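Next come the chains, spelled out residue by residue.
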Amino acid sequence: MKNKFIYLSLLAAGLIACEPEFDNEVSNSSYSAGDADFTSYVAIGNSLTAGYMDGTVSRVSQSYSFPNLLSQQFAVVGGGAFTQPSYDDDINNAGGLLLGGNQIAATRLIIDATAGGPEPLAAACTIEVGNLQATAYNNMGVPGAKSFHLLAPGYGNLAGVALGQANPYFVRHATSPSTTVMADAMSKNPTFFTNWIGSNDILSFATSGGVGVDQTGNFDPSTYGANDITDPNVFASVYSGITDLLTSGGAKGVVATVPNVTSIPFFTTVPYNPLTTSTLGGGNTQAGAAAMNELNGTIYAFLDQVFTALGQPDRINPLSVLGANPLLIKDEAATNFSAQITAAAGGIPQFAPYAAFLGQTFGQARQATANDLILLTTRSVIGTAPAGIPAPFDKFGVAYPLQDNHVLTEAEIEMVNTATLSYNQTIKAIAASKGLAVADMNAILNQLVSGLRVEDGQIYTADYFSTSALNTTVFSLDGVHPNARGYAAIANEIIKVINEHYNANLPLIVPGYYPGATVLPTN
């Protein structure tokens with residue numbers, strides 16, 4: 001059933017990504033740096049800065065990082081050399097990571113035409129974390145980094161990777177085991193910078209389905225879990241310190257706001273209500289209708305009666321053969337009626353043998369609503385069998401609730417939105433106090449819902465799985481990070497901000513020159 005939720009009608013060869021060819025060379029005496037100095041441009045950030053794409057950093061994807069694209073435009077007005085961590089060891093352009101020869105991160109995602117959807121590239125990973133470069137680079141984007149990680153000594157210590165105390169991406173190029181990201185960045189003596197940090201302070205919570213803690217009120221980030229939301233005061237203090245460092249030598253720069261999760265395909269692709277007679281019947285609506293009627297008889301009608309009697313009549317309703325029905329989910333914020341369900345089931349002969357199971361399984365169950373976000377990764381889970389669960393309850397999202405790691409619920413979205421708003425207020429306030437330019441990526445990416453029109457007239461969207469949009473989406477196959485066109489569009493937005501704020505005249509990029517998804521006839 002899982003393939004029923006992959007809305008890809010594969011297009012063909014025109015979508016295949018290729019090695020980068022930058023044929024945008026410009027030469028015009030009217031271009032100028034204005035009030036900015038691009039002699040030493042340094043980029044601070046996380047995966048969005050590093051060139052992460054299709055679930056990893058690969059040799060070619062890194063070449064499309066927005067800082068690298070910016071540096072080429074800066075070069076037109078006297079910008080200096082721009083360096084990025086070496087991926088020459090990525091022989092197969094597969095991405096992923098090895099630690100002591102053992103693979104610890106998957107290869108990049110491609111579209112396999114024979115399989116019908118995205119999957120990791122079937123090629124050997126050759127990037128060994130332990131092959132240390134010990135070099136500071138102009139692109140200091142570190143995938144996975146949260147704001148406070150940029151100031152943390154030991155974040156690049158190889159010995160800490162296996163313990164989860166260090167970041168393998170930073171380990172590869174940290175100048176010493178005890179250095180910090182910011183210390184290495186400042187060793188480049190920046191005259192201009194971009195800073196797009198903060199997304200991971202929220203995003204890891206969201207992409208895990210809210211499997212984490214909102215740490216608001218906890219000022220000690222050393223106690224945070226990997227998926228926790230950073231306290232807004234901690235973020236403000238750290239962000240202020242980072243900005244002070246970046247501007248300490250008089251450098252100018254652009255800071256970027258944190259995008260809201262509702263604007264990216266990872267949270268907007270899989271609908272909350274995909275259960276129809278067609279999907280349940282594998283394309284056979286008659287079989288699907290029969291399956292719905294069976295589900296109603298075995299579980300839905302019973303749960304509807306129990307919840308209605310408990311004063312929550314809309315928590316679970318019987319499935320309708322006439323339309324699209326919502327997924328069944330577990331909501332940790334919902335009132336737990338396990339005891340009541342167990343007691344009610346015990347009095348009905350057909351349910352009595354399962355009474356305890358029903359109470360434990362459906363005590364916090366409800367049907368999803370349009371206010372919930374189903375994760376992109378959940379598309380392959382829907383309809384599959386949970387381990388150890390007997391029939392007829394052995395279908396995730398259909399007869400067994402999707403779990404916390406499958407769904408971002410309305411309550412969890414509110415936590416994310418609150419933190420996002422606070423972070424962005426901090427970013428804008430600190431930028432104003434330092435006279436820095438702001439690229440409001442939150443507002444820009446939100447435009448993707450209705451379509452972002454660029455200078456060449458093309459409209460780009462976040463319509464990840466639409467056949468008609470595969471050439472015009474700006475996101476890569478992981479649903480979170482931009483593709484090459486997306487990074488080009490981001491670079492353009494930053495260029496426009498620089499031109500306006502610093503009285504510069506930098507040439508824009510044509511996103512249409514850059515590739516989209518990689519489609520292979522077979523993997």
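Everything numeric here is computed off the predicted structure, so don't read it as measured data. (Residues numbered from 1 in each chain as written. Predicted model: local features only at pLDDT ≥ 70, side-chain atom pairs only at ≥ 80, totals over all residues. Heavy atoms only, no water.)

Chemist: So what's going on with the overall build of the protein chain? Which residues, and what values?
Modeler: If you tally the helices and strands in the protein chain, you get 15 helices and 16 strands. For the protein chain, the residues scored as buried account for 56% of the 523 residues in total. When the accessible surface of the protein chain is summed, it comes to about 19,900 Å², and 52% of that surface belongs to carbon and sulfur atoms. (Helix = DSSP H or I, 4+ residues; strand = E, 2+ residues; numbered from the N terminus. Buried < 20%, exposed > 50% of the residue type's maximum accessible area, 1.4 Å probe, protein only. Areas by Shrake-Rupley, 256 points an atom, 1.4 Å probe, with all protein chains shown as cover.)

Chemist: Describe the packing of helix 3 (residues 66–74) against helix 15 (residues 484–501), and please don't skip the residues or the numbers.
Modeler: One way to put it is that helix 3 packs onto helix 15 with a least axis distance of 9 Å and a crossing angle of 50°. Relative to helix 15, helix 3 is oriented oblique. For the crossing formed where helix 3 meets helix 15, the hand is right-handed. Counting all contacts with helix 3, which are made through Phe66, Leu69, Leu70, Gln73 and Phe74, the residues of helix 15 involved are Tyr487, Ala488, Ile490, Ala491, Ile494, Ile495 and Ile498. When the residues that make up the contact of helix 3 with helix 15 are grouped by side-chain class, the tally is 11 nonpolar, one polar and no charged. (Axes fitted to C-alpha atoms, helices over the stretch in contact; angles between N-to-C directions. Parallel < 35°, antiparallel > 145°, perpendicular 65-115°, else oblique. Left-handed = near helix turned anticlockwise from the far one by under 90°. Contact = heavy atoms within 4.5 Å. Nonpolar A, V, L, I, M, F, W, Y, C, P; charged D, E, K, R; others polar.)

Chemist: How would you explain the nonpolar core if you had to name every residue and give the values?
Modeler: Judged by nonpolar contacts, the single largest core of 97 residues is most densely connected at Phe38, Phe66, Phe192, Phe267, Leu408, Ile494 and Ile498. The dominant element in this core, judged by the number of residues it contributes, is helix 15, at nine residues. When residues no more than four places from it in sequence are discounted, the contact partners of Ile494 are Phe66, Leu70, Thr194, Val254, Ala439 and Met441. (Core = buried A, V, L, I, M, F, W, Y, C linked by side-chain atoms within 4.5 Å.)

Chemist: For unusual backbone geometry, give the residues involved together with the corresponding values.
Modeler: In this structure, Pro392 follows Ala391 across a cis peptide bond, with omega equal to 10°. Tracing the backbone through its elements, the reader meets Pro392 in the loop between strand 11 (373–374) and strand 12 (407–408). The backbone of Asp54 shows a phi angle near 55°, a positive value even though the residue is not glycine. Its place among the elements puts Asp54 in the loop between helix 1 (47–50) and helix 2 (59–63). Look at Asn189: it is not a glycine, yet its phi comes out positive at around 50°.

Chemist: Give me the sheet that holds strand 5 (residues 117–120): which residues, what numbers.
Modeler: Strand order in this open sheet of three strands is 5-4-16, and the pairing throughout is mixed. What marks the edges here is a single partner per strand, and that holds for strand 5 and strand 16 (519–520). Where strand 4 (residues 109–112) meets strand 5, four bridges bridge the pair, whose relative direction is antiparallel. Note on strand 5: the bridge partner recorded for Asp112 is Gly117. (Pairing = 2+ DSSP bridges.)

Chemist: Give a description of helix 10 (residues 285–309) that names residues and reports values.
Modeler: The sharpest bend along helix 10 comes to roughly 55°, located at Asn296. Of the residues that open helix 10, the one with a side-chain oxygen 3.0 Å from the backbone nitrogen of Gln286 is Asn284. Immediately beyond the C-terminal end of helix 10, within one or two residues, lies Gly311, with a positive phi of roughly 90°. (Bend = angle between axes of the 7 residues up to and from the residue. Polar contact = N/O pair within 3.5 Å; in protein donor to acceptor, adjacent residues only side chain to side chain.)

Chemist: Talk me through the pattern of salt bridges; I want residue IDs and the actual numbers.
Modeler: Taken as a whole and assessed by the stated rule, the structure comprises seven salt bridges. Lys434 is the salt-bridge partner of Asp244, the closest N and O atoms lying 2.9 Å from each other. Taken together, the positions of Asp244 in helix 7 (residues 232–247) and Lys434 in helix 13 (residues 410–434) put the pair 190 residues apart, joining distant regions of the chain. Assessed through its relative accessible area of 37%, Asp244 is described here as partly exposed. Of the charged contacts, one joins Lys395 and Asp394 as a salt bridge, the two residues approaching to 4.0 Å between their closest N and O atoms. The network of salt bridges with shared partners includes Asp331, Arg366 and Asp372. (Salt bridge = Lys/Arg side-chain N within 4 Å of Asp/Glu carboxyl O.)

Chemist: Describe the sheet that holds strand 8 (residues 252–256), naming the residues involved and giving the relevant values.
Modeler: One open sheet holds the five strands; their spatial order is 6-1-7-8-13, and the pairing between them is parallel. Sheet topology places strand 6 (139–141) and strand 13 (437–439) at the edges, where each strand pairs with a single neighbour. Taking each pair of neighbouring strands and ignoring which way they run, the sheet shows an average axis angle of 15°. Contacting strand 1 (41–45), strand 6 and strand 7 (192–196), helix 3 runs over the sheet at an angle of about 160° to strand 1. Strand contacts of helix 7: strand 1, strand 7 and strand 8, with the helix running at about 165° to strand 7, the strand carrying the most contacts.

Chemist: Could you give an account of the pairing of strand 8, with specific residues and numbers?
Modeler: Among the five residues that make up strand 8, four are buried, leaving the element largely enclosed by the rest of the structure. One ladder, built from four bridges, connects strand 7 with strand 8; its direction is parallel. Looking at strand 8, one finds that Phe193 is bridged to Gly253. Bridge analysis of strand 8 against strand 13 gives three bridges, and the strand direction is parallel. Looking across to strand 13, one finds that Val255 is bridged to Val438.

Chemist: Tell me about helix 11 (residues 338–346), and name the residues and values.
Modeler: Every α-helical turn comprises 3.6 residues, leaving residues that sit three or four positions apart pointing alike. Taken together, the buried positions of helix 11 are Ser338, Ile341 and Ala345. Along the axis of helix 11, the buried residues cluster in a sector spanning 65°; they form a single face. Exposed and oriented more than 90 degrees from the buried face of helix 11 are Ala339 and Ala343. Considering only its buried residues, helix 11 is in contact with helix 10 and helix 12 (355–362). (Arc of directions from axis to C-beta.)

Chemist: Give me the lowdown on the packing of aromatic side chains, citing residues and values where you can.
Modeler: The geometry of an aromatic ring pair is captured by the separation of the ring centres together with the interplanar angle, meaning the angle of the planes. Enumeration over the complete set of coordinates arrives at 20 aromatic pairs. On the basis of an interplanar angle of 80° and a centroid distance of 5.1 Å, the ring pair of Tyr41 and Phe74 is categorised as edge-to-face. Taken together, the residues Tyr41 in strand 1 and Phe74 in helix 3 connect sequence positions 33 residues apart. Each member of the pair Tyr41 and Phe74 is classed as buried. Centroid distance Phe192 to Tyr502: 5.8 Å. Interplanar angle 75°. Geometry classified as edge-to-face. Of this pair, Phe192 sits in strand 7 while Tyr502 is found in the loop between helix 15 and strand 16, placing the two residues 310 residues apart along the sequence. We note that Phe192, like Tyr502, is buried. Members of the aromatic cluster, joined through ring pairs, are Phe38, Tyr41, Phe74, Phe82, Phe192 and Tyr502. Stacked on the ring of Tyr87, the Lys or Arg Arg172 has its end atom at 4.4 Å from the ring centre. (Phe/Tyr/Trp six-rings, centres within 6.5 Å; stacked < 30°, edge-to-face > 60°. Lys NZ or Arg CZ within 6 Å of the ring centre and 35° of its normal.)

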